[in-house]
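# Observations on the model geometry
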Amino acid sequence: MQPSPASDRHPSVHDHSVPTRGRPPASGREIRDQPTGGPPSRRTITRVPGRRPEPRRGRPAECEPQVLGVVDGTETADYVAHTATLRGVVRQRLVTRALVEHLPPPPARLLDIGGGNGVQALEFARRGYEVTVCEPDPGMLVEARRALADAPEVVRRRVALVEGDGREAARLVGIGWDATFCHGVIMFVPEPAPLLEVLVEVTRPGGIISVVGKNGPALALRAGLQGRWQDTTAQLGEPTPAASTGSATSTGAAGQPAVIPPGGDDPANVSAILTAAGTRPLARYGIRIFTDHLGDTPPGPDLDAVVDAEWAAGTRDPYRGIARLIHHVHCRLR
Ligand SMILES: C[S@@+](CC[C@H](N)C(=O)[O-])C[C@H]1O[C@@H](n2cnc3c(N)ncnc32)[C@H](O)[C@@H]1O
């Protein structure tokens, strides 16, 4: 399993619907031919018999191979293991907790772009939602399928897995989704805007857009709390021209220089792009304030209390501003 950045991959239009037993894959054509008036139906995605998918030829410029980063300090190959650590579990539980405050009731149709090993897809399918994961990494899809195999059939039937780059989601899975998730993905694309604009495009007016990205201005906190002082100083860095990163200008407190984060790691920039694309912000949550420095510590018996403390801090300033990740929830206007 190699959950590498999307830009390492040749995106293809495979249907990786789950469960696989007795369910032949749909061809790329069926997926591409979905009418754009709404999300493709579960039946169409998961049950079209016959042809194998046809791999697409050629790639747009933005899909040229590049290694853009690691998963929040974790090598991407270890992402599945990371999701079982305290940091991973806290992140997923906080994301779920925020989303239930904003999503329409089930059975709404949710699209999870870059859904990885399917943690949120499974969570919301259990809650009665219809979830489609659009994920470019076949290894991640294998892991998602494995996780879903253990779920009750009624839950598995609510999930579809589609292989492909999120920037091509409109063509791959259609538009009109009640909510679109994109959690922990924008650090893998060279520029956040094309991906963020697609999230808005594929979501119906009034629908929810949920994005989790790094909190660039506070990234030095983890190294500092771990006592890695040289790393801390390096991450605090010297100012760089905003023009070279394409990100929003940022200024430090009390006249101190601030690091200008890459565009996708700058919460102000992410929010501005979403707003310019036709959304309004509903909420912004901080994720991992007290737990981000704990490495691969597994969850303990106090997990619920940890999540409650993180939730309380992540919903208020000044704590939210030093969180490792920022969860943006927007609503599409038109
Ligand atoms: C850190 S994992 C997050 C997985 C999941 N969203 C979660 O929160 O657990 C990042 C995922 O983004 C996917 N990804 C990277 N670039 C992408 C792109 N351009 N479109 C869609 N997914 C992408 C990776 O393959 C990987 O599965």
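Residues numbered from 1 in each chain as written. Predicted model: local features only at pLDDT ≥ 70, side-chain atom pairs only at ≥ 80, totals over all residues. Heavy atoms only, no water.

In the annotation of an unreviewed UniProt entry, the entry for the protein chain reads Putative methyltransferase, and the organism field reads Frankia canadensis.

Evaluated as defined, the whole model comprises 3 cavities of 30 Å³ or more. Approximately 50 Å³ is the volume attributed to the second largest cavity. Taken together, the residues of the lining of the second largest cavity sort by class into 6 nonpolar, 1 polar and 4 charged. (1 Å grid on protein atoms, 1.4 Å probe; cavity = no way out; pocket = protein on both sides within 12 Å on 5 of 7 lines; lining within 4 Å. Points joined across faces, edges and corners; volume = space filled by probe spheres on them. Nonpolar A, V, L, I, M, F, W, Y, C, P; charged D, E, K, R; others polar.)

This part covers the sheet that holds strand E2 (residues 130–135). As summarised here, the arrangement of the 7 strands in space is E3-E2-E1-E4-E5-E7-E6, forming an open sheet in which the pairing is mixed. Only two strands of the sheet have a single neighbouring strand rather than two, namely strand E3 (159–163) and strand E6 (279–287). When strand polarity is set aside, the average angle formed by the axes of neighbouring strands in this sheet is 15°. Relative to strand E5 (residues 203–214), strand E4 (residues 177–183) runs parallel, the two being bridged by 6 bridges. Bridged to Trp177 within E5 is Thr203. Seen against the sheet, helix H6 (residues 138–149) touches E2 and E3 and runs at an angle of roughly 165° to E3. Lying on the sheet, helix H13 (residues 267–276) is in contact with E5, E6 and strand E7 (325–332); it crosses E7 at an angle near 10°. (Pairing = 2+ DSSP bridges. Helix = DSSP H or I, 4+ residues; strand = E, 2+ residues; numbered from the N terminus. Axes fitted to C-alpha atoms, helices over the stretch in contact; angles between N-to-C directions. Contact = heavy atoms within 4.5 Å.)

In the predicted model, the protein chain carries a mean pLDDT of 78, and 70% of its residues have values of at least 70. Confidence drops under pLDDT 50 across residues 1–70; counting only partners more than four residues distant or on other chains, this segment forms 170 contacts. Scored below 50 in pLDDT, residues 72–76 shows 19 contacts in the model against residues more than four places distant or in partner chains. (pLDDT = per-residue confidence, 0-100.)

This part covers the packing of aromatic side chains. What the rule picks out here adds up to 4 aromatic pairs. Where Phe124 meets Tyr129, the ring centres are 5.7 Å apart and the plane angle is 75°; that geometry is what we call edge-to-face. One exposure class covers both Phe124 and Tyr129, and it is buried. Among the aromatic residues, those joined into a ring-pair cluster are Phe124, Tyr129 and Phe181. Above the plane of the ring of Phe124 lies Arg127, whose end atom (NZ or CZ) is 5.8 Å from the centre. (Phe/Tyr/Trp six-rings, centres within 6.5 Å; stacked < 30°, edge-to-face > 60°. Buried < 20%, exposed > 50% of the residue type's maximum accessible area, 1.4 Å probe, protein only. Lys NZ or Arg CZ within 6 Å of the ring centre and 35° of its normal.)

Looking now at the pattern of salt bridges. Applying the stated rule across the entire model yields 14 salt bridges. In this structure, the salt-bridge partner of Asp165 is Arg167, at a minimum N-O distance of 2.7 Å. A salt bridge links Asp317 to Arg320, with the nearest nitrogen and oxygen atoms 3.0 Å apart. Among the residues examined, Arg320 registers a relative accessible area of 19% and is labelled buried. (Salt bridge = Lys/Arg side-chain N within 4 Å of Asp/Glu carboxyl O.)

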